[in-house]
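# Structural characterization, general
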Amino acid sequence: MSDAVRAGANAGATSLDPDNWDALRADAHRMLDDMLDYIADVRDRPVWQPIPPAVRAGFAEPLPRQGTPLPEVYRRFTEEIAPYATGNVHPGFMGWVHGGGTAVGMLAEMLAAGLNANCGGRDHIGIEVERQIVRWLRELFGFPQTASGVFVTGSSMANFMALLVARTAAVGPQVREGGLPGERLTAYASAAAHGCVVQAADLAGLGRGALRRIPFGKDHRIDIDALKRRIAEDRAAGCQPFLVTGSAGTVDVGAIDDLAALAELCRDEGLWFHVDGAYGSLGMLSDEIAPKLKGLSEADSIALDFHKWGQVNYDAGFLIVRDGEQHRDTFAAPAAYLRRETRGLAGGSPWPCDYGPDLSRGFRALKTWFTLKTFGADRMGAMIAQTCKVARYLEARVEREPQLEMLAPVTLNIVCFRYRAAPNVMDSLNAEIVVDLHESGIAVPSSTTIDGALAIRAAIVNHRTTFADVDKMVDAVLRFGKARVG
Ligand SMILES: *Cc1c(COP(=O)(O)O)cnc(C)c1O
């Protein structure tokens, strides 16, 4: 169709399509080229930089009544948005647990946005691609064909949903109608478990106190004997234990609970065995790391994030449940406007909306499918193993530096260390060094507390991070530490 005809079809209409597709095409190609350069040249820029007050103030303008030409809006993006992003595309980003994303994932996001598919349900290819991811995860985790899965924002949501499934399995689907009057359900996790595991008990109405936080040992793994004792005490006190959450990669230090022992305990006690595998569970892609995750395949459910070690662009959280029927029993609800058919677009039941609280949802499966198809599981596994190698290199460097000391064992890819100083200034000094690093733009580690001591915490999650990048970070720590101590 000629541009004149296309423009004519839209003449005087209220459609948001452009009058001139060729002009939009030129803008689009420029944006794509710029963004590819942004990723390719990421090393030339600071990891992070603070947002200047004038830029921040620019985002407090009133609701625009009139439109602005796209090139002008894009100019603001290049000048006022792109430079002040989180920084996790950069190889110097080692804070928290953030994936680096890929150019392939970015392209897939663009394609998904073009399709603008609503993946809540109905019979279209978006749902089938998501089912492909479920099948791949069943294969990776050794789950049965009856296992179900669904994309969600992240593991915070997936851990919450898993708790709801475990609750429904424990007391029956009538809980969805009548709630939990009189029940005293109790759940269990290591004190090193992520905060969202505690939050899940709160959100579900059980209360944070219903999540028993069990001590962990020197290796940062849950103390199984203490767990057994607490379950017995709770039973004796009239509580109803129903769920144990194991950690496959704790957020502080990357420790992996003894999942096989937890699986056995849950079998013996008749408890739901959930694993918070937010970042660690994709270690199954690597032959080197998979043995550390022994017992994972016995879980009743696993929460995981493709956007961390999987490098899928944000966001791409996932929940997989061994027994798909129990999963559906927790979330599926009849609604006249969601009537299922055996033919036509309203076919293909069950739908993703039967497996979680979201109805409208985007096509997260596409960027995940593109990532796994383009790179393949072996290369993904090698990349994951390499991040652990970089972490071990960093550990060795810290151990060589007399001014530095390690604060926790390195199980996977997280290194916790600190700059040595007088005891009374040790924590504050190390906190200052972390902020100095952020503001320098050289590297972005985060901090955490290990046995009461503030640690500089470097999580090597980004596939771009090399030995040289961690050396640069350590060099800067030594420089800033020395400058502050005087
Ligand atoms: C990141 C993380 C979470 C939370 O996942 P989100 O995707 O950020 O919601 C939970 N547990 C662990 C161990 C994590 O690393």
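Residues numbered from 1 in each chain as written. Predicted model: local features only at pLDDT ≥ 70, side-chain atom pairs only at ≥ 80, totals over all residues. Heavy atoms only, no water.

We apply this condition: UniProt positions are given in the numbering used here, feature names are shortened, and annotations may be inferred rather than shown by experiment.
Identification of the protein as Aromatic-L-amino-acid decarboxylase from Rhodopseudomonas palustris is taken from an unreviewed UniProt entry. What UniProt records for the protein under Cofactor (unreviewed entry) is the sentence "pyridoxal 5'-phosphate".

## Let's talk about helix H9 (residues 195–203)
The periodicity of an α-helix, 3.6 residues per turn, causes residues three or four positions apart to be oriented the same way. Inclusion rule: A simple rule labels every residue: compare its accessible area, found with a 1.4 Å probe on the protein chains alone, to the largest value its type can have, and call it buried under 20%, exposed over 50%, or partly exposed in between. Numbering of helices and strands runs from the N terminus; a helix is a DSSP stretch of H or I covering at least four residues, while a strand is a stretch of E covering at least two. Whether two residues are in contact is decided by their heavy atoms, any of which lying within 4.5 Å being enough.
For H9, every residue scored as buried is listed here: Cys196, Val197, Val198, Ala200 and Ala201. In this fold, the buried residues of H9 make contact with helix H7 (155–171), strand E2 (185–190), strand E3 (211–214), strand E4 (240–247) and strand E5 (272–276). Gly205, located one to two residues past H9, shows a positive phi value of around 85 degrees.

## Concerning the site of the ligand
Cut-off, in case you're wondering: Neighbouring residues are identified by heavy atoms, a residue being near a molecule or strand if any of them is within 4 Å of it. Polar contacts, as counted here, are pairs of nitrogen or oxygen atoms within 3.5 Å of one another; within protein the pair requires one atom able to donate a hydrogen and one able to accept it, and residues that are adjacent in sequence qualify only if both atoms are side-chain atoms. Accessible surface area values rest on a Shrake-Rupley calculation with a 1.4 Å probe, where residue burial reflects the displayed protein chains alone.
Around the ligand lies a shell formed by Gly154, Ser155, Ser156, His194, Cys196, Gly249, Asp276, Ala278, Tyr279, Asp305, His307 and Lys308. Ser156 places a polar side-chain atom, nitrogen or oxygen, 2.7 Å from an oxygen atom of the ligand. Relative to its unbound accessible area of 380 Å², the ligand is 85% covered by the protein chains.

## Regarding the packing of aromatic side chains
Test applied: Ring pairs shown here join Phe, Tyr and Trp side chains whose ring centres sit within 6.5 Å, with only the six-membered ring taken for Trp; geometry is labelled stacked below 30 degrees between planes, edge-to-face above 60, and tilted in between. The criterion is that NZ of a Lys, or CZ of an Arg, lies within 6 Å of the ring centre and within 35 degrees of the ring normal, and then a charge sits over that ring.
Counted under the stated rule, the structure contains 9 aromatic pairs. Geometrically, the ring pair formed by Phe93 and Trp96 is tilted, given 6.2 Å between the ring centres and 35 degrees between the ring planes. Judged by its relative accessible area of 2%, Phe93 falls in the buried class. Owing to a relative accessible area of 44%, Trp96 belongs among the partly exposed residues under this scheme. Taken together, the ring pairs in this structure connect Phe151, Phe306 and Phe318 into an aromatic cluster. Its end group placed over the ring of Trp351, Arg122 keeps NZ or CZ at 5.6 Å from the ring centre. Here the basic side chain of Arg322 rests over the ring of Phe143, its NZ or CZ set 4.6 Å away from the ring centre.

## Considering the sheet that holds strand E11 (residues 453–459)
Using the following cut-off: A pair of strands is considered paired only if DSSP assigns at least 2 bridges between the two. Note on geometry: axes are C-alpha line fits, over the in-contact stretch for helices, and angles between N-to-C directions span 0 to 180 degrees.
Reading across the sheet, the 4 strands line up as E8-E9-E11-E10 and stay open at both edges, with antiparallel pairing between neighbours. Taken across any chain shown, the strands that pair with only one partner, and hence form the sheet edges, are strand E8 (404–406) and strand E10 (446–450). Within the sheet, the average angular offset between the axes of one strand and its neighbour, ignoring direction, is 45 degrees. Taken together, the 5 bridges between E10 and E11 define a ladder with antiparallel strand orientation. For Ser447, the partnering residue across the bridge sits in E11 and is Ile456. Set on the sheet, helix H15 (residues 467–485) makes contact with E8, strand E9 (414–419) and E11; between it and E9 the angle comes to about 25 degrees.

## Points about the nonpolar core
Generally speaking, nonpolar side chains in soluble globular proteins are found buried as a group. What counts is decided by this rule: Definition of nonpolar core: a set of buried residues of the types Ala, Val, Leu, Ile, Met, Phe, Trp, Tyr and Cys, connected through side-chain atoms within 4.5 Å.
Ranked by internal contacts, the top residues of the largest apolar core, which has 67 residues, are Phe141, Leu227, Ile302, Leu304, Phe306, Phe318 and Ile320. Among the elements that take part in this core, helix H13 (residues 364–400) stands out by supplying 7 residues, more than any other. Not counting residues up to four positions away in its chain, the partners in contact with Phe141 are Ser281, Met284, Leu296, Ser297, Ile302, Leu304 and Ile320. The next biggest cluster of nonpolar side chains, apart from the first, holds 31 residues, and it includes Met161, Leu164, Val175 and Leu185.

## Points about a nonpolar patch on the surface
The line we're drawing: Every patch collects residues that have over 30% relative accessible area and no salt bridge, joining them within 9 Å if they carry like charges and within 5 Å if they are nonpolar side chains (Val, Leu, Ile, Met, Phe, Trp, Tyr). Basic side-chain nitrogens of Lys or Arg form a salt bridge, by our definition, when they fall within 4 Å of a carboxyl oxygen of Asp or Glu.
Taken together, Leu36, Leu107, Met110 and Leu111 make up a surface patch of nonpolar side chains, about 310 Å² in accessible area. The residue Leu36 is located in helix H2 (residues 21–40) in this model.

## Thoughts on a negative patch on the surface
Rules: For this count, His and the chain ends are skipped, Lys and Arg are scored as positive, and Asp and Glu as negative. For this purpose, a charge sits on NZ of Lys, CZ of Arg, CG of Asp or CD of Glu.
Together, Asp33, Asp37, Asp41 and Asp44 line one region of the surface with negative charge. With respect to the secondary-structure elements, Asp37 resides in helix H2.

## Quick word on the pairing of E10
Because side chains alternate across E10, one face comprises the buried residues Ser446, Thr448 and Ile450, and the other comprises Ser447 and Thr449, none of which is buried. Following E10, the chain reverses through 2 residues before pairing antiparallel with E11; Asp451 in that reversal takes a positive phi of roughly 50 degrees.

## Concerning the UniProt feature "modified residue: N6-(pyridoxal phosphate)lysine" (unreviewed entry) in the protein
When the UniProt feature table is mapped onto this chain numbering, "modified residue: N6-(pyridoxal phosphate)lysine" (unreviewed entry) sits at Lys308. Among the structural elements, Lys308 can be located in the loop between strand E6 (301–305) and strand E7 (317–321). Look at Lys308 and you get buried, because its relative accessible area is 14%. Setting aside anything within four residues of it in sequence, one finds Lys308 in contact with Val97, Gly99, Ala278, Tyr279 and Val461. A distance of 3.1 Å separates the side chain of Lys308 from the side chain of Asp305, its partner in a polar contact.

## A few points about the sheet that holds E6
Remark on secondary structure: sheet strands pair via backbone hydrogen bonds, oriented parallel or antiparallel. Read from one edge to the other, the open sheet built from 7 strands follows the order E1-E7-E6-E5-E4-E2-E3, with strand pairing classed as mixed. On the outer flanks of this sheet lie strand E1 (148–152) and E3, each paired with one strand and no other. Looking at each pair of strands side by side, their axes are set apart by 20 degrees on average, direction ignored. As judged from the 5 bridges shared by E6 and E7, these two strands associate in the antiparallel manner. Bridge pairing in E7 links Ser301 to Val321. Against the sheet, helix H6 (residues 125–141) touches E1, E6 and E7, its axis set at about 65 degrees to E7.

## Topic: the packing of helix H10 (residues 224–236) against helix H11 (residues 259–269)
Where we set the bar: Reported orientations rely on four angle classes, namely roughly parallel under 35 degrees, roughly antiparallel over 145, roughly perpendicular from 65 to 115, and oblique for the rest. Crossing chirality is assigned from the near helix's rotation relative to the far helix, an anticlockwise turn below a right angle marking it left-handed and a clockwise turn marking it right-handed.
Look at H10 against H11: their axes get within 11 Å of each other, and the N-to-C directions meet at 20 degrees. In this view, H10 runs roughly parallel relative to H11, as classed from their interaxial angle. The two elements H10 and H11 meet at a crossing, and its hand is right-handed. Across the interface between the two elements, Ile224, Leu227, Lys228, Ile231 and Arg235 of H10 pack against Ala261, Leu262, Leu265 and Glu269 of H11.

## Overview of the pattern of salt bridges
Throughout the structure, instances matching the rule amount to 25 salt bridges. The partner of Arg397 in a salt bridge is Asp471, with the nearest N and O atoms 2.9 Å apart. Separated by 74 residues along the polypeptide, Arg397 in helix H13 and Asp471 in helix H15 bring together distant segments of the chain. A residue is classified by how much of its surface remains accessible, and Arg397, at 9% relative accessible area, is buried.

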